[in-house]
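Structural overview for review
Read off the chains here:
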Amino acid sequence: MQNRKLVWWIVGALVVVLLSGGGIALAVSGGSGPKPQAAPIASVSAPSSAEPTPSASPAPSPGADIDGPLDLVLLGVDTRVTIPDWEPHSDTIMLLHVEPGLRKAYLYSLPRDLRVTMPAFPKAGFGGGTYKLTEAMSRGSRVPGTKKTNVGQGYELLTRVLSGYTGIKRFQAGAILNFGGLAQLVERLGGVDMVVDEKVKSHHRKPDGSMRPLVPGGGDYSGPQAVYLPGRRHFVGWQAIDYARQRYGLPNGDYDRTRHQRQLVRAILGKALDQGLAADPQKLQQVITALGKSLVYVGGRTPLEYAYALRDLTPADLTLVGLPGHGVGSGGSYKGEALTPEGRGFLTAVAKDQIAPYLAAHPKLVNK
């Protein structure tokens, strides 16, 4: 029984976070109700090892009532946590769909530059229009009359945009993250093993992991570059994050980058489970503590509740899906990206919970 508790604690503290890639905040949206309030992750405590008080009918585990399907939003933002009120942009937008029964999940990405229609959002003084998807967080986060930002508002506008574009009526939860917490997590796990599927040159790092210097005047970097060659590789924290960040010089740019990010998410989840953290609560707590202030929980139902519901989900149950797209422009200028009919068709299948037959008919969408 104790191992069972630890399993869902791991999933609570890690799986929801791991599936999002590590993070700065977890925003749980439960529809109507009070506005979420930020609180330190430390306020979420591990299950006690003490014997439970005997009772005639034990209370069900928190999250036992959660059933599928679930749709979760996983965001990588460029938030500078050291700069107060930095306006966040969602550079990475991953969506996770969990089937009814909660035994099978699909992780897919939308291009950051996807051209989407955004509704008016009076909270931020935003009148709506057609913009790149990455702008939804920043436009929605603005607090009229001040220079302050509200990440919860940005998340709210973004999910409205996502619902309008995908046809998914409700997102049960979302994770907002930055790369700093993810690097710490990978380090605490002792690194991760990944299969590099194409040669990738780092735009940001030298071979020793230090930052490449900016060229005079800025705008680009100079000097030796870290290079990631095809094959099975073991990555420490900075290498894993650096590899997953690269899009310049890749044949398919951001589409290749988002594929690598999905592969990293699966690798992190697999490494956490392979280490048998369910039998080592002290090591588990060290992993959680390592995230420190880079992980903040924001209201609604807790990560532990969703985690208990997803306790049987493993990397083998997680299918990675790549949605094809292409650039669009006007008057010779680049305006953003658009998904192909095949990619839009997948979103329709998600909204109707008919993913498996759609992928059977479109097998090239499945990533290794």
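Look a little higher up for the structure.
Since the structure is predicted, the reported quantities are computational estimates derived from the model, not experimental observations. (Residues numbered from 1 in each chain as written. Predicted model: local features only at pLDDT ≥ 70, side-chain atom pairs only at ≥ 80, totals over all residues. Heavy atoms only, no water.)

1. Points about the pairing of strand 15 (residues 325–330)
Here 6 bridges tie strand 15 to strand 16 (residues 333–339), and the two strands are oriented antiparallel to one another. Paired with Gly329 across the two strands is Tyr334, which belongs to strand 16. (Pairing = 2+ DSSP bridges. Helix = DSSP H or I, 4+ residues; strand = E, 2+ residues; numbered from the N terminus.)

2. Brief notes about the nonpolar core
Counting 36 residues, the largest nonpolar core has Tyr108, Leu110, Leu133, Leu162 and Phe346 as its most contacted members. Contributing elements (two or more residues each) for this core: strand 3 (70–77), strand 4 (90–98), strand 5 (105–110), strand 6 (115–118), helix 2 (135–141), helix 3 (151–166), helix 9 (341–351) and helix 10 (355–361). Broken down by element, the residue count for this core peaks at 6 residues, all from helix 3. Grouped together as the second largest cluster of nonpolar side chains are 20 residues, Val196, Ala226, Ala240 and Ala272 included. (Core = buried A, V, L, I, M, F, W, Y, C linked by side-chain atoms within 4.5 Å. Buried < 20%, exposed > 50% of the residue type's maximum accessible area, 1.4 Å probe, protein only.)

3. A closer look at unusual backbone geometry
Looking along the chain, the bond that leaves Gly68 and enters Pro69 is cis, with omega of 0 degrees. For Pro69, the location among the structural elements is in the loop between strand 2 (38–40) and strand 3. We note that Leu102 has phi near 60 degrees; this positive angle belongs to a residue other than glycine. Looking at the element boundaries, Leu102 is found in the loop between strand 4 and strand 5. The residue Asp353 is not glycine, and still its phi comes out positive at about 55 degrees. Relative to the assigned elements, Asp353 resides in the loop between helix 9 and helix 10.

4. Re the environment of Gly145
Within the secondary structure, Gly145 sits in the loop between helix 2 and helix 3. Separated by 20 residues in the primary sequence, Gly145 and Gly125 place their C-alpha atoms 9.2 Å from one another.

5. Digging into the pattern of salt bridges
Any two side chains of opposite charge can pair, on the condition that their charged atoms come close. Within this structure, the stated rule accounts for 9 salt bridges. As a salt-bridge pair, Asp197 and Arg259 come within 2.9 Å of each other at their nearest N and O atoms. Here Arg259 lies in helix 6 (residues 254–274) and Asp197 lies in the loop between strand 9 (192–196) and strand 10 (200–201), a separation of 62 residues in the sequence. Residue classification places Asp197 among the partly exposed residues on the basis of a relative accessible area of 35%. The partner of Asp256 in a salt bridge is Arg259, with the nearest N and O atoms 2.9 Å apart. Here Asp256 and its partner Arg259 are both found in helix 6, 3 residues apart, which amounts to about one turn of the helix. The two residues Asp256 and Arg259 agree in class, both being buried. In the salt-bridge network here, residues are joined through shared partners; they are Asp197, Glu198, Asp256 and Arg259. (Salt bridge = Lys/Arg side-chain N within 4 Å of Asp/Glu carboxyl O.)

6. Quick word on the packing of aromatic side chains
Within the structure shown, the criterion is met by 6 aromatic pairs. Geometrically, the ring pair formed by Phe126 and Tyr131 is tilted, given 5.7 Å between the ring centres and 50 degrees between the ring planes. Assessed through its relative accessible area of 23%, Tyr131 is described here as partly exposed. Ring pairs connect the aromatic residues Tyr108, Phe346 and Tyr358, which therefore count as one cluster. (Phe/Tyr/Trp six-rings, centres within 6.5 Å; stacked < 30°, edge-to-face > 60°.)

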